[in-house]
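The chain contents come next:
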Amino acid sequence: MPLELELCPGRWVGGQHPCFIIAEIGQNHQGDLDVAKRMIRMAKECGADCAKFQKSELEFKFNRKALERPYTSKHSWGKTYGEHKRHLEFSHDQYRELQRYAEEVGIFFTASGMDEKCLLPPTMILRPAQPCETMAVEFLHELNVPFFKVGSGDTNNFPYLEKTAKKGRPMVISSGMQSMDTMKQVYQIVKPLNPNFCFLQCTSAYPLQPEDVNLRVISEYQKLFPDIPIGYSGHETGIAISVAAVALGAKVLERHITLDKTWKGSDHSASLEPGELAELVRSVRLVERALGSPTKQLLPCEMACNEKLGKSVVAKVKIPEGTILTMDMLTVKVGEPKGYPPEDIFNLVGKKVLVTVEEDDTIMEELVDNHGKKIKS
């Protein structure tokens, strides 16, 4: 399988394709549909490729005690963790509305499916009056999202990975909180079922300190998994580290976004405001242009400088006709006209000059018997 995949219709990642930039809205929308729409539009206007959310059916992601746990954080939207999460969770109809809005705006739309269907006794369902229509991954599949994002918390959930891979949609798999051994197992599980996936280097801390980013894992992933694209999901402040990830070869880049870092919510401080997201996109595209070609050669844009300052081999002393050249007769200067380039100086040793060359004159091709390499133009 080539090192490329069609992550969204008509949008390929890997190879020489531009980095795919995911604007992770997550739950930074504060549970407000209008805010969520503003964030989708902001992601589009800033140049991101995709707006992404997080979809959970809470009773299938958390057990009863986790949902009933008192939640007194300054970021809490309820007395218990369950109340907090329900405030931030959009309904299926709201997701459909957001998807339609993203289509109107012209940006790809997807979400991390934070759970998959499992069998639970009726007593585990805390909202019998509001039963889950389908589990998150099933719902997103029905929603026809272009790709599944697997959040770091589910990367070692192997039954979830198997079921998600079998859906046949491309997958973007984050690797926060995981070991390299686990990622090797993930590769072995997903690859036979669905070859269209990529890994993102990720550290699950909010905000993330530079010393914990470990961008070198990107290169290690590229060596260990040479047939899939590798990307980066960042939670650091600022954009420099994410730009560096692209310079190292990240083909997918995910960053959380917000309209205001001071809003209530633990993710906002590690998110990018509109100006930062726009600058990130500009910087990534600039770096991609700068990466250019691996071929090293004299470029057309360098010709003016080469003509003005490029050096040639010149005579250090007067060299009479018929003299066999030695190194002590030659030096390198900016010469007029141009002659033998400096890298040819050793090839001139042992050659005979056909006419007398005055001190400080350029050694020209036609002045040397059995000249070899052509003079650069």
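Cut-offs applied
- Residues numbered from 1 in each chain as written.
- Predicted model: local features only at pLDDT ≥ 70, side-chain atom pairs only at ≥ 80, totals over all residues.
- Heavy atoms only, no water.
- Core = buried A, V, L, I, M, F, W, Y, C linked by side-chain atoms within 4.5 Å.
- Buried < 20%, exposed > 50% of the residue type's maximum accessible area, 1.4 Å probe, protein only.
- Helix = DSSP H or I, 4+ residues; strand = E, 2+ residues; numbered from the N terminus.
- Contact = heavy atoms within 4.5 Å.
- pLDDT = per-residue confidence, 0-100.
- Pairing = 2+ DSSP bridges.
- Right-handed = clockwise from strand over helix to strand, strands pointing away.
- Arc of directions from axis to C-beta.
- Polar contact = N/O pair within 3.5 Å; in protein donor to acceptor, adjacent residues only side chain to side chain.

### Looking at the nonpolar core
Okay, so step 1: If you look at the biggest cluster of nonpolar residues, it comprises 67 residues, and the most contacted ones within it are Ile40, Phe53, Met171, Phe199, Tyr232 and Leu277.
Okay, so step 2: At seven residues, helix α1 (residues 33–45) tops the list of elements feeding residues into this core.
Okay, so step 3: Those residues within four positions of Phe199 in sequence are excluded, and the remaining contacts are Ile173, Met183, Val186, Tyr187, Tyr221, Phe225, Ile228, Pro229, Ile230 and Gly231.
Okay, so step 4: Ranked by size, the runner-up nonpolar core spans 15 residues in total, among them Leu325, Met329, Leu348 and Val368.

### A look at the confidence of the model for the protein
Okay, so step 1: Overall, the prediction assigns the protein a mean pLDDT of 92, with 93% of residues at 70 or greater.
Okay, so step 2: Across residues 118–133 the pLDDT falls below 50, and counting only partners more than four positions away or on other chains, this stretch makes 20 contacts in the model.

### Describing the environment of Leu67
Okay, so step 1: Residue placement: Leu67 occurs in helix α3 (residues 64–68).
Okay, so step 2: Sequence spacing of Leu67 and Thr80 is 13 residues, and the spatial spacing of their C-alpha atoms is 6.7 Å.

### Some points on the environment of Ser219
Okay, so step 1: Note on placement: Ser219 falls in helix α9 (residues 216–224).
Okay, so step 2: In this structure, the C-alpha to C-alpha distance between Ser219 and Gly249, residues 30 residues apart in sequence, is 7.9 Å.

### Describing the pairing of strand β4 (residues 50–55)
Okay, so step 1: A large share of β4 lies buried, amounting to six of its six residues.
Okay, so step 2: Residues of β4 alternate between two faces, with Cys50, Lys52 and Gln54 on one and Ala51, Phe53 and Lys55 on the opposite face, all of them buried.
Okay, so step 3: Here four bridges tie strand β3 (residues 20–26) to β4, and the two strands are oriented parallel to one another. Bridging across to β4, Gly26 finds its partner in Phe53.
Okay, so step 4: Note on the crossover from β3 through α1 to β4: the handedness is right-handed.

### Here we look at helix α6 (residues 136–143)
Okay, so step 1: Within the span of α6, buried status applies to Ala136, Val137, Phe139, Leu140 and Leu143. All buried residues of α6 project into a common sector of 160° when viewed along the axis, lining one side.
Okay, so step 2: Summarising the contacts, the buried residues of α6 are in contact with β4, α5 (92–105), β5 (108–113), β6 (148–150) and α7 (158–165).
Okay, so step 3: Following α6 by one or two positions, Asn144 adopts a phi angle in the positive range, close to 65°.

### Quick look at the side chain of Lys55
Okay, so step 1: Mapped onto the elements, Lys55 comes out in strand β4.
Okay, so step 2: Taking relative accessible area as the criterion, Lys55 reaches 1% and is therefore assigned buried.
Okay, so step 3: In terms of polar contacts, Lys55 uses its side chain to reach the side chain of Glu57, at 3.4 Å.
Okay, so step 4: A polar contact of 3.4 Å, which involves the side chain of Lys55, links it to the side chain of Glu89.
Okay, so step 5: Excluding residues within four positions of it along the chain, Lys55 makes contact with Glu89, Phe90, His92, Tyr95, Ala111, Ser112, Gly113, Met114, Asp115, Ala136, Phe139 and Leu140.

### Things to note about unusual backbone geometry
Excluding glycine, a negative phi dihedral is what most residues carry, and trans is how most peptide bonds are arranged.
Okay, so step 1: For the bond from Tyr206 to Pro207, the omega torsion is -5°, close enough to zero to count as cis.
Okay, so step 2: Residue placement: Pro207 occurs in the loop between β8 (197–202) and α9.
Okay, so step 3: The peptide bond linking Glu336 to Pro337 adopts the cis configuration, its omega dihedral lying at 0°.
Okay, so step 4: Topologically, Pro337 is positioned in the loop between β12 (330–333) and α13 (345–348).
Okay, so step 5: The residue Gln30 is not glycine, and still its phi comes out positive at about 65°.
Okay, so step 6: One non-glycine residue, Asn144, lies in the positive phi region at around 65°.

### Quick word on the environment of Thr326
Okay, so step 1: Residue position: Thr326 is located in the loop between β11 (312–315) and β12.
Okay, so step 2: Relative accessible area serves as the criterion here: at 31%, Thr326 is assigned to the partly exposed category.
Okay, so step 3: The spatial distance from the C-alpha of Thr326 to the C-alpha of Arg169 is 69 Å, given a sequence separation of 157 residues.
Okay, so step 4: Engagement of the side chain of Thr326 in a polar contact is seen with the side chain of Asp328, the distance being 2.4 Å.

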